[in-house]
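If you want the building blocks of each chain, they are given just below.
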Amino acid sequence: MRMDIEEYNEMLNKNNIRVIYSGPIWSDGIDGMAEMMKKRLEFDDIPYTASKSVFSIFVEQINNMMMYSAEKEKKINAESRETEISKGVFVLGLQGDTYFIQTGNLVTNSNAEILKKRIDHLNSLDKKQLRQYHKEQMNAENDNPESHGAGIGLIEVARRSASPIEYTLNPRGDKMQYFTVYLTVIQGGKQ
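Residues numbered from 1 in each chain as written. Predicted model: local features only at pLDDT ≥ 70, side-chain atom pairs only at ≥ 80, totals over all residues. Heavy atoms only, no water.

Engineer: What is the right way to read the environment of Asp 4 from this model?
Structural biologist: Relative to the assigned elements, Asp 4 resides in the segment before α1 (5-14). Judged by its relative accessible area of 41%, Asp 4 falls in the partly exposed class. Separated by 3.1 Å, the side chain of Asp 4 and the backbone nitrogen of Glu 6 make a polar contact. (Helix = DSSP H or I, 4+ residues; strand = E, 2+ residues; numbered from the N terminus. Buried < 20%, exposed > 50% of the residue type's maximum accessible area, 1.4 Å probe, protein only. Polar contact = N/O pair within 3.5 Å; in protein donor to acceptor, adjacent residues only side chain to side chain.)

See below:
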């Protein structure tokens, strides 16, 4: 079915979608996406703490998509440097006074298990326990030069989200799963 741009815009407005992106994600490209997200949040004129939480979740989720995406390809850029490109989907919307952030990307079964285990553990902790766990993991990461984050990004997402991290894993063939994450941030209230 073919829609014109006005129909897309109407559909997005009807569903309170503020930002939607689907496609390639690479480290050098994050800056432009981050700037666009900052402007979107400025236009919405939301309290600083909520804006900071939404932005932090955005950055962490984009990084998670780049790290765990099973859809990766290498490209040579204009400076003849190799760039790794991942694929994913990011949606930011607003329902009442609550922002929702939803992301999705294809992951391998082994990464799906890692993500499931980490998220289930984080969802079992309350906000105080999350703060303590964050401190412990930051110290553990500093002690281990081989560490690539120790799940710090997911801990930060859990700390900033108003509710537990919701996720789904849908099988795509024998070796892959489509990983979707849903998070919320309340505009004016306490997270």
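Engineer: How should empty space enclosed by the protein be read in this particular structure?
Structural biologist: Where empty space is left in the structure can be found by rolling a water-sized probe over the atoms. Overall, the coordinates contain one cavity of 30 Å³ or more when judged by the stated rule. Computed from the structure, the largest cavity encloses a volume of approximately 80 Å³. Contributing to the lining of the largest cavity are 13 residues, with Gln 61, Asn 64, Leu 154, Phe 179 and Val 181 lying nearest its centre. At the level of secondary structure, the elements contributing two or more residues to the lining of the largest cavity comprise α3 (48-68), β4 (98-108), α4 (109-123), α6 (152-160) and β6 (176-186). Here the lining of the largest cavity takes four residues from α3, the largest share from any one element. (1 Å grid on protein atoms, 1.4 Å probe; cavity = no way out; pocket = protein on both sides within 12 Å on 5 of 7 lines; lining within 4 Å. Points joined across faces, edges and corners; volume = space filled by probe spheres on them.)

Engineer: It is not clear to me how the pattern of salt bridges should be interpreted in this structure. Could you clarify?
Structural biologist: If the charged atoms of two oppositely charged side chains come close together, the side chains can form a pair. This model, assessed by the stated rule, comprises nine salt bridges. We note a salt bridge from Lys 72 to Glu 84, for which the minimum N-O separation is 3.8 Å. With a gap of 12 residues between them, Lys 72 in strand β2 (residues 72-76) and Glu 84 in strand β3 (residues 82-95) connect regions that are remote in the sequence. Residue Lys 72 is classed as partly exposed on the basis of its relative accessible area of 33%. Of the residues examined, Glu 84 reaches a relative accessible area of 37% and is grouped as partly exposed. The partner of Lys 75 in a salt bridge is Glu 73, with the nearest N and O atoms 3.3 Å apart. Linked by salt bridges that have partners in common, Arg 18, Arg 40 and Asp 44 make up one network. (Salt bridge = Lys/Arg side-chain N within 4 Å of Asp/Glu carboxyl O.)

Engineer: Can you walk me through the packing of helix α2 (residues 30-44) against α3 in this structure?
Structural biologist: Packed helices, taken two at a time, are described by the angle between their axes plus the distance between the axes. Relative orientation of the contacting elements α2 and α3 amounts to 155 degrees, with a least axis distance of 10 Å. With respect to α3, the element α2 is oriented roughly antiparallel. Judged by the twist between their axes, the crossing of α2 over α3 is right-handed. The residues of α3 that touch α2, namely those facing Ile 30, Met 33, Ala 34, Met 37, Lys 38 and Leu 41, are Ser 51, Val 54, Phe 55, Phe 58, Ile 62, Asn 63 and Met 66. (Axes fitted to C-alpha atoms, helices over the stretch in contact; angles between N-to-C directions. Parallel < 35°, antiparallel > 145°, perpendicular 65-115°, else oblique. Left-handed = near helix turned anticlockwise from the far one by under 90°. Contact = heavy atoms within 4.5 Å.)

Engineer: Help me understand the packing of aromatic side chains, please; the structure alone is not making it clear to me.
Structural biologist: For any pair of aromatic rings, geometry is given as the distance between the ring centres together with the angle between the planes. Scanning the entire structure with this criterion turns up four aromatic pairs. Residues Phe 58 and Phe 90 carry aromatic rings whose centres are separated by 5.0 Å and whose planes lie at 80 degrees to one another, so their mutual orientation is edge-to-face. Note that Phe 58 is positioned in helix α3 and Phe 90 in strand β3, a separation of 32 residues in sequence. Exposure class is identical for Phe 58 and Phe 90. Each is buried. Summarising the aromatic geometry, the rings of Tyr 167 and Phe 179 are spaced 6.4 Å apart at their centres and angled 50 degrees between planes, so their arrangement reads as tilted. Of this pair, Tyr 167 sits in strand β5 (residues 166-172) while Phe 179 sits in strand β6; the two residues are 12 residues apart in sequence, bridging distant segments of the chain. Judged by its relative accessible area of 7%, Phe 179 is buried. (Phe/Tyr/Trp six-rings, centres within 6.5 Å; stacked < 30°, edge-to-face > 60°.)

Engineer: Just to check I follow, could you spell out the confidence of the model for the protein for this structure?
Structural biologist: Fine structural detail should not be taken from predicted coordinates in areas where pLDDT scores are low. Summarising the model, the protein shows a mean pLDDT of 87, and 93% of its residues fall at 70 or more. Segment residues 143-148 is flagged for pLDDT under 50; beyond a separation of four residues in sequence, or across chains, it makes two contacts in the model. (pLDDT = per-residue confidence, 0-100.)

Engineer: What is the right way to read the nonpolar core from this model?
Structural biologist: It is characteristic of soluble globular proteins that their nonpolar side chains tend to be buried jointly. Of all hydrophobic cores here, the largest spans 38 residues; its most connected members are Ile 62, Phe 90, Leu 92 and Tyr 99. Counting residues per element, the ones that place at least two in this core are β1 (17-25), α2, α3, β3, β4, α4, α6 and β6. Residue contributions to this core peak at eight residues, all from α3. (Core = buried A, V, L, I, M, F, W, Y, C linked by side-chain atoms within 4.5 Å.)

Engineer: What exactly am I supposed to notice about the side chain of Ser 86 here?
Structural biologist: For Ser 86, the location among the structural elements is in strand β3. At 3.1 Å, the side chain of Ser 86 and the backbone oxygen of Met 66 are in polar contact. Within the structure, the side chain of Ser 86 is placed 3.2 Å from the side chain of Lys 72, a separation counted as a polar contact. Each residue touching Ser 86, except ones within four places of it in the same chain, is listed here: Gly 23, Pro 24, Ile 25, Met 65, Met 66, Ser 69, Glu 71 and Lys 72.

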